[in-house]
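Listed below are the residues making up each chain.
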Amino acid sequence: MKLSSGTIRLIIPAASLVLLLAAVFYMQPRAMSYTGLNLLFNLAVPIALATIAQMLIMSVNDLDLSMGTFVSFCACVSATFLQSSPALGILIFLGAIATYALIGVVIYVRDLPSIVVTLGMSFVWGGIAVLILPSPGGTAPTWARWLMTAKPPLVPMAIVASILIAAVTHYIVMRSSFGVLMRGVGGNDRSVERAGWSVLGLRAATYALAGFFAVLAGIALVGLTTSADANIALRYTLLSIAGVILGGGQFVGGKVSPIGAVIGALTLTLAGSFLSFMRISPDWQIGAQGAILIVVLALRLALNRLEKREKSQ
Amino acid sequence: MSLNRLLIAKPWIWSFAATITVWIVTVLFTGGASSFGLSQAALTFAAFSVVVGIGQMFVITLGPGNIDLSVPATMTLSGTLALKLMDVQDGMIVVGLLASIGIGLIIGIGNYVLIKALRIPPIIATLSMSFIVQSVAIWSNRGLRIKPPETLASFATSSLFGIPNVALVALILSIIAWVLLEKSIYGRWISAIGQSTFAARMAGIPVDGTRLVTYMLCAVLASVCGYLLASFSGGAALNMGSEYLLMSIAVVVIGGTAVAGGNSNIPGIWGASLFMFLVVSMLNTYGFGAGFRLILTGLIIIAVILLAGGRQSLR
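Parameters at a glance
Residues numbered from 1 in each chain as written. Chains lettered and ligands numbered in written order. Predicted model: local features only at pLDDT ≥ 70, side-chain atom pairs only at ≥ 80, totals over all residues. Helix = DSSP H or I, 4+ residues; strand = E, 2+ residues; numbered from the N terminus. Buried ≥ 20, exposed ≤ 12 C-beta atoms within 10 Å, placed from the backbone. Contact = placed C-beta atoms within 7 Å. UniProt positions renumbered as here; feature names shortened; annotations may be inferred. Nonpolar A, V, L, I, M, F, W, Y, C, P; charged D, E, K, R; others polar. Core = buried A, V, L, I, M, F, W, Y, C linked by C-beta atoms within 7 Å. Axes fitted to C-alpha atoms, helices over the stretch in contact; angles between N-to-C directions. Parallel < 35°, antiparallel > 145°, perpendicular 65-115°, else oblique. Left-handed = near helix turned anticlockwise from the far one by under 90°. Expected span 1.5 Å × (residues − 1).

## Structural notes on the overall build of chain B
Along chain B, the regular secondary structure elements total 14 helices and two strands. Referenced to the eigenvectors of the C-alpha coordinate spread, the extents of chain B come out at roughly 60 × 60 × 35 Å. Per-residue burial for chain B yields a buried fraction of 50% across its 315 residues.

So this is what it looks like as C-alpha cells:
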C-alpha cells in the first residue's frame, strides 16, 4: 500500500487526537455522548477558524502575530455593531479584510519582516478593540448565537462545523488553482512570478482570505460566549501557530495542511479538557499543555524518521 | 552623499533621532518642567527592555526562525525563585543572583535540547518551554508577594550621579555584549551562522555549540532582567514578564537588527528601548486614552519599520 506524503503527514495529528479522545473517554465515559462531545469541542470552532487564518498566512512564508488581537477586535465588533446595525458591522469587517490585504501588499512591496508589521498591527487592533468595548460587554447577534448553539441530529454542532471548515479550506487550499498558486508563492515566488502570475495579487488575496477566516473566528467566538471583551482572544496568536505546526504545517515552503490545522486546533482544545479530567492541579495545567505539545511533536519526528527509513530501503 | 552612507552604515542613528524628537516634543508640552524626571524614568524602564532585548538580539542574529518566546516566563520564574531564596536577607543577594543565572542556564539548555533533539522549530520549542516554566512559577509563587532584600531594593531604585543604577547595569551588560558581538570570535560565528548556516558549517564553525550558547545567553539575560525587575518593583508578580515578549522583539527590530539574521547592532537597542518608553509617556502627557495610545504605538512601529525597510532596499 502506498500512501502519499501528505497523508502520512496527517497520520500523527489524527492519531494523537484519537489517542487523547480515547483517554478522555476512558476517564470520563459520560463524555462519550452528544452533549459531552459538544462541550468538549465547542470552543474549538473559533480556534480552528483562527488556525486556518494563520495557516493561510504561513503558506506564503509569513507569520501573523496580530491574530489574537484581531480576533478579539472582530469579537468586539460582532458584539456591538454587527448586533445593533448589521450593515455597519459588515462594512467594518470589509474594511478590516481590506486592511489585511493591504498589509500583505506592503510586506511584499517593501520587503518587510511580517513578524514586525503584524506586531505593530496587533497594537492597532488591540487599541481599536479597547475603544469599541472599554469594558467587557455587548451582545451576540441572535443568528450567531443560534448558529453556534444549534443542535443538528446525531452529530454535535462543533463536530459538524469542524468538518465543514476542514472540507471547505481543503478545497480552497489543496484543490483550487488559487490554492496551488498560493502555496507556490510560499515554495518559490520567483517561479510563480516568471510563470506570469502576479505575486502581489496572490499575496493580497491570501491575506484577505486569512482576514476573512479570522473575522469568522471572531463571530463564532461571540456566538459561544454571548459577550465580548478587548482581550478575549489574545492567546489565539500562539494557539493558532501551535495548531498549524501540530497539524503538520511548516513555517516555510508553502507546506501546509488545512485538515491537519483543524485537527491541530481540536487537539489543543481537547488537551485542556483532558488535563482537567486528569485532576491535575491548575498550577500545572499550562505546563502540561506545553508537555503535550512537545510529546506530539516528538512523535512526529519519530514517524518522519520511519518514513525516511522506508524510502531508503 | 557621505551622510547617506553614514546612515546606511549605522542604522541605529535612526532610532536615536526618533528618540530625541519624541523627548523634545514631550518636554515642550510640559514646558520643560519634566525633562529630568522624564529622562530618568526613560532610562530606568528602557534598561529592562535593553537587557532582554540584547538576549533576543543574539538569538535573532542566528537567522530566520530563531526567536525566544520563553523570555517572559523566564523573567517571572527567576524573579519569583530568587526573591523566595533571598527571603528578605541582605546576605543572600549574591546567592539569589547566582540562582537566577542558574535558572537561566537551565532554561536555555532546555530550549536548545528541544530545538535540536526533537527538531522542533525554535518558536514552538521556546513556546512549549515557556508554558512549563510559567507553570513552575505559578506553583512556586502561590500568590505570595515576597519583598526583595532592603539593600537590593534600594540599589535597584536609586541612582548614581543622576543615572539610575539599573541603567548602569544595563550599560555594563551592553558593553560586554558589544565586545562579544563585534570583537570576539563568538560574535563572528553567530553572524556567519545567521548569514548562511550551511556555509558556516562548511567553514568549520561549531554551529550547534554556538547556537546552544546563544540560547543560554538569551535565557540568562532574561533571568537577570527578571531578578532586577522584581527587586525594582518590590516583589515578583506572575505577569511581570508579559509585556516584555513583544517589547524584546520590537526593540531589536526597530533598533536596526536585520530580522533575517546575520547583522545586528547594540546601540540601536538602546535607541529603540528609550523610544518605545518615550512614545508611551508622550501619548500619556498629551492625555490620550489607552485605546488611542495602543493604536498610535502600533502605527509608530509600522512607520519606523517602513522607513528602515526602505534603507535596506538602497543597498
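## Structural notes on the overall build of chain A
Of regular secondary structure, chain A possesses 14 helices and zero strands. In chain A, the succession of α and β elements from N to C terminus is α-α-α-α-α-α-α-α-α-α-α-α-α-α. If one aligns the C-alpha atoms of chain A with their principal axes, the spans along those axes are about 55 × 55 × 40 Å. Taken across its 313 residues, chain A has 53% of its residues classed as buried. A separation of at least 24 residues holds for 80% of the contacts in chain A among residues at least 6 apart in sequence.

## Topic: unusual backbone geometry
Residue and element names in this part refer to chain A. Of note, Asn 61 is a non-glycine position whose phi angle comes to about 70 degrees, a positive value. Structurally, Asn 61 is set in the loop between helix H3 (44-59) and helix H4 (67-79). For Asn 61, a count of 18 C-beta atoms within 10 Å puts it in the partly exposed group. Even without being glycine, Thr 226 reaches a positive phi, approximately 70 degrees.

## Here we look at the UniProt feature "transmembrane region" (unreviewed entry) in chain B
All names here are of chain B. The UniProt feature table records "transmembrane region" (unreviewed entry) at residues 12-30, 42-62, 93-115, 122-140, 160-181, 212-232, 244-262 and 292-310. Each end of residues 42-62 is marked by a C-alpha atom, and these two atoms are 30 Å apart; helix forms 95% of the span and strand 0%. The span residues 122-140 is 100% helical and 0% strand by assignment, and the distance between its end C-alpha atoms comes to 26 Å.

## Re the interface of chain A and chain B
Listed per partner, the contact involves 35 residues of chain A and 38 residues of chain B. Those elements giving two or more residues to the side of chain A that touches chain B turn out to be helix H7 (114-132), helix H12 (236-246) and helix H14 (282-312) of chain A. Sort the elements by how many residues they give to the side of chain A that touches chain B and H7(A) lands first, with 14 residues. Partitioned by chemical class, the residues of the side of chain A that touches chain B number 25 nonpolar, seven polar and three charged.

## Structural notes on the nonpolar core
In terms of nonpolar packing, the biggest core is built from 211 residues, with A:Leu49, A:Ala53, A:Val71, A:Ala214 and A:Ala217 touching the most fellow members. With residues near it in sequence (within four places) discarded, A:Ala217 still touches A:Pro46, A:Leu49, A:Ala50, A:Ala53, A:Val71 and A:Cys74.

## Considerations on the packing of helix H4 (residues 71-86) of chain B against helix H12 (residues 243-254) of chain B
All names here are of chain B. It is the contact of H4 with H12, at a shortest axis distance of 7 Å, that shows an interaxial angle of 125 degrees. Between H4 and H12, the interaxial angle falls into the category oblique. Note that H4 runs across H12; the crossing there is right-handed. Across the interface between the two elements, Val 71, Pro 72 and Met 75 from H4 touch Tyr 244, Leu 245 and Ser 248 from H12. Taken together, the residues of the contact of H4 with H12 sort by class into five nonpolar, one polar and no charged.

## Some points on the environment of B:Arg188
Along the chain, B:Arg188 turns up in helix H9 (residues 185-195). Placed 73 residues apart in sequence, B:Arg188 and B:Ile115 show a C-alpha to C-alpha distance of 22 Å.

## Brief notes about the environment of B:Thr285
Residues and elements named next belong to chain B. Inspection of the secondary structure assignment puts Thr 285 in helix H13 (residues 267-285). Sequence separation between Thr 285 and Val 27 is 258 residues, and the spatial gap between their C-alpha atoms is 9.4 Å. Those residues in contact with Thr 285, other than ones at most four positions away along the chain, are Thr 26, Phe 29 and Thr 30.

## What to know about H4(B)
All names here are of chain B. Taking 1.5 Å per residue as the helical rise, H4 with its 16 residues ought to reach 22 Å, and the 22 Å between its terminal C-alpha atoms agrees with that figure. The buried fraction of H4 is high, at 14 of 16 residues. At the exit of H4 stands Asp 87, carrying a positive phi of roughly 50 degrees.

## Focus: the environment of A:Phe25
Residue and element names in this part refer to chain A. Considering the arrangement of structural elements, one finds Phe 25 in helix H1 (residues 5-27). What makes Phe 25 partly exposed here is the crowd of 16 C-beta atoms within 10 Å. The sequence separation of Phe 25 and Ile 219 amounts to 194 residues, and the corresponding C-alpha distance is 30 Å. Setting aside its immediate chain neighbours within four residues, Phe 25 contacts Ala 31 and Met 32.

## Description of the packing of H4(A) against helix H11 (residues 199-225) of chain A
Residue and element names in this part refer to chain A. Packing of H4 against H11 brings their axes to within 8 Å, and their N-to-C directions diverge by 55 degrees. It follows that H4 is oblique to H11 by the angle criterion. The two elements H4 and H11 cross, and the hand of that crossing is right-handed. In this structure, H4 contributes Met 67, Phe 70, Val 71, Cys 74, Ala 75, Ser 78 and Ala 79 to the contact, and H11 contributes Ala 214, Val 215, Ala 217, Gly 218, Ile 219, Leu 221 and Val 222. In the contact of H4 with H11, the residues fall into 12 nonpolar, two polar and no charged.

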